[in-house]
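# Examining the three-dimensional arrangement
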Amino acid sequence: MMQVNERFRRTSNNTELQQLLHTDGYQSLFDYSSEAILVIDLEGRILHMNRACQTIFLNTREYDLNTSIEHIVEFDDESSFFNTLSSTETAQFTGTNSSLNRKLEINSIPIIKDNQVAGRFVQLKDRTDEIEEFEQLKAQKGFWESYLDHSGDAIGLFDMNGNIVKLNPATEDIFLYTREELLGNGVITIPDESYRKEVDFLQRKVKSGKTVVAYETVRKRKDGKLINVEITHSPIYDQNGKMIAMANILRDITERKKANMKLRESEAKYRLIAENTADMIRVLDVEGKVTFASPSHELVSGRQENHYEGIDGFHFVHPDDLHSIKTQYQKMLEAREPIHFEYKEIHMDGEWIELEAQCTPVINQGEINSVVMVIRDLTERKQTEELLRNSDKLAVIGQMAASIAHEIRNPLTSLKGFLQFFHSNSKDVEKDHYELMLSELERINLIVNEFLMIAKPQTAQYKETPMDTLFSHLLSLIDSQAIMENIEITTDFEEGLPAVLGDENQLKQAFLNFIKNALEATASGGTVDLTLKKEGTHICIRIKDNGCGIPKENLENLGKPFFSTKETGTGLGLMISQKIISNHKGTVDITSEDSKGTTVTIKLPKVSKGINKK
Ligand code: ADP
Ligand code: MG
């Protein structure tokens, strides 16, 4: 400010310059120009101001001549303005008019008279809008440049010939090429020349004004490694709407692809499991509706999996189980912990199937979005459990039978001893009674002995076993039952049969089962025929009854554990017997006609002569 005041005082004689302006008739051009123009002397004092200048800067207020130009303009570089006042050159400056808050471009033009600079025209142009726009552009440019510099995507600019003219730093990280290696060329990061067509295709599209968005393809890094990329390619226009370049944003999606692949692989794996497991797998939504049912549903429930989709997950549950399952399910949703329960569902054919289910809530972003149910068919397990229980039972019964037989045999021996004693001392009339008592006692002894034999622990001892003697023993065991039920047992044993190599006790057990079944099937007055004969290399044993027979539909169930049509049957006899025979390399064949009778034919290999001679 001090400077200004000082300059104020340094007045000089300017009349000469003023005269020059007036007399030369430039006055009106100067005055009526739409641009703001001042005339200043070599000290920077205002000598004249045209109308435009007055209107813009002084609001038509009267102004003092001889005022320094600094009253109107604050120069950005004040000293160079004043230093060039006497220069013969035109000079340009910038500055501000702070009272109006305008940014100015200032042109300083020398007024030359007699080859001397007499003063200056100062032209003031309002550049506020342009400058602000420029500042904005500069800011924007900074923004975009920072984006380009820091983006993880490779961003490039292509000219209209397809040459790369600008690349950001990330390009180097992605492709391992330096920017110098890439600039000025076309695309050199393609895996092979066949990709050239693709590049051309993409550029043609952009040149036609279209934007290619997220195009997936493959590119090659400098080290030869192929990477999966996603390309967005778009045209760039100038202010006049003319296309001047093409922008290319390339994203390395190799990792994403890998992750996707992994996801797909694991999905495929789980799908494979779901589709091939014997367990039923059901996915329920939060409302309990089935959104997925595995194909194994058909196997377990008889219904195809599409039968389940969209229906309630517990649609087929037994009414007795439904309430408790729903309560547990609700608890599971609240506690977000898996639950486990056994229950029954109805099979397509109307039977109840025993099942075991594990329900696991699937939590996604803190919310349960589905429930996975893995349901296992328990029928088989229950059967094995029962089989185990039953074989336990059998073992216990066997042990009891053995100890009972033992307990009976001892008193029998003393009874027999006394009877023999009484017998030898008896009178003739009594002798018959004693003999009868003795033979009955002998029978009891035999039965008890057989019991002991069967009940003994079964370590197979293979030896030559003649079938006829074995059957005679068996007959003594079952005779009484046959007589009680009024069934006649006939025997037809071929003479001189070769023996069978086998475990006597096991074979006895097997035949006893077959014969007992025959007796149980036969009504009072019926017959059971036992036949033993040689048939080639085998001994053929036939047990034929004229009992109730076996209906066709039951034939296939014979020998399955626990298949029994009897009220007190175990359904184990046939299974055990067949197992024993097959262990002896024999076969069992059952033919039957409903209500006519059944024939069981067992064939066992006879002992070969070589062994026989030993
Ligand atoms: P269980 O005698 O305890 O029923 P089995 O395994 O010995 O068990 O026999 C299974 C079923 O096979 C019997 O319940 C019966 O229905 C049928 N069966 C076996 N043998 C005969 C037969 N000789 N005549 C008619 N039915 C038979
Ligand atoms: Mg039986």
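Residues numbered from 1 in each chain as written. Chains lettered and ligands numbered in written order. Predicted model: local features only at pLDDT ≥ 70, side-chain atom pairs only at ≥ 80, totals over all residues. Heavy atoms only, no water.

## Here we look at a nonpolar patch on the surface
Which entries qualify depends on this criterion: Two distance rules govern patches: like charges are joined within 9 Å, and nonpolar side chains (Val, Leu, Ile, Met, Phe, Trp, Tyr) within 5 Å, applied only to residues with over 30% relative accessible area and no salt bridge. Areas reported here follow the Shrake-Rupley algorithm with a probe of radius 1.4 Å; residue values treat only the protein chains shown as occluding. Each salt bridge in this description consists of a side-chain nitrogen of Lys or Arg and a carboxyl oxygen of Asp or Glu lying within 4 Å of one another. Put simply, DSSP marks the helices as runs of H or I at least four residues long and the strands as runs of E at least two long, and each gets a number from the N terminus on.
There is a patch of nonpolar side chains on the surface, built from Met400, Ile404, Ile408 and Ile444 and spanning about 330 Å² of accessible area. No other element matches helix H13 (residues 379–424), which puts three residues into the nonpolar patch. On the secondary structure map, Met400 appears in helix H13.

## Quick notes on the site of ligand 1
For clarity, the cut-off: The nearness test applies per residue and asks whether one of its heavy atoms lies within 4 Å of the molecule or strand. We call two N or O atoms a polar contact when they sit within 3.5 Å, provided that within protein one can donate a hydrogen and the other can accept it, with sequence-adjacent residues counted only if both atoms are side-chain atoms. Think of it as three bins: nonpolar holds Ala, Val, Leu, Ile, Met, Phe, Trp, Tyr, Cys and Pro, charged holds Asp, Glu, Lys and Arg, and polar takes everything else, Gly as well.
Close to ligand 1 lie 19 residues; Asn517, Ser564, Thr565, Lys566 and Leu574 are nearest. Here an oxygen atom of ligand 1 and a backbone polar atom of Gly573 are 3.4 Å apart. One nitrogen or oxygen atom from the main chain of Leu574 is found 2.8 Å from an oxygen atom belonging to ligand 1. Listing elements by their share of the shell around ligand 1, those giving two or more residues are helix H16 (504–521) and helix H18 (573–583). It is H16 that contributes the most residues to the shell around ligand 1, three residues altogether. In terms of residue class, the shell around ligand 1 is made up of eight nonpolar, nine polar and two charged.

## Side note on the packing of helix H15 (residues 467–484) against H16
The condition that has to hold: Every axis corresponds to a line fitted to the C-alpha atoms, with the helix fit spanning only the stretch in contact, and the corresponding angles, defined between N-to-C directions, vary from 0 to 180 degrees. Roughly parallel covers angles under 35 degrees, roughly antiparallel covers those over 145, roughly perpendicular covers 65 to 115, and oblique covers all other angles. A crossing counts as left-handed when the near helix is turned anticlockwise from the far one by less than a right angle, and as right-handed when that turn is clockwise. We call two residues in contact whenever any of their non-hydrogen atoms come within 4.5 Å of each other.
For the pair H15 and H16, the least separation of the axes is 10 Å and the interaxial angle reads 40°. In terms of orientation, H15 lies oblique with respect to H16. Between H15 and H16 lies a crossing of right-handed hand. Residues Met467, Leu470, Phe471, His473, Leu474, Leu477, Ile478, Gln481 and Ala482 of H15 form the contact with H16, whose own contacting residues are Glu504, Leu507, Lys508, Phe511, Leu512, Ile515, Lys516 and Leu519. Residues belonging to the contact of H15 with H16 are distributed by class as follows: twelve nonpolar, two polar and three charged.

## Let's talk about the packing of aromatic side chains
The criterion, for reference: Ring pairs shown here join Phe, Tyr and Trp side chains whose ring centres sit within 6.5 Å, with only the six-membered ring taken for Trp; geometry is labelled stacked below 30 degrees between planes, edge-to-face above 60, and tilted in between. Buried means the residue's accessible area, taken with a 1.4 Å probe over protein chains only, is under 20% of the maximum for its type, while exposed means over 50%, and partly exposed covers the values in between. Lysine NZ or arginine CZ positioned within 6 Å of the ring centre and within 35 degrees of the ring normal marks a charge as sitting over the ring.
Under the criterion given, the structure shown has 14 aromatic pairs. Note on Phe75 and Phe82: the rings are 6.4 Å apart at their centroids and 70° apart in plane angle, and the pair reads as edge-to-face. An identical accessibility class is assigned to Phe75 and Phe82; each is buried. With 5.9 Å between their ring centres and 70° between their planes, Phe471 and Phe493 make a pair best called edge-to-face. One end of the pair, Phe471, is in helix H15; the other, Phe493, is in strand S18 (residues 488–493), and 22 residues separate them in sequence. If you follow Arg303 out to its NZ or CZ, it ends over the ring of Phe316, 3.6 Å from the centre.

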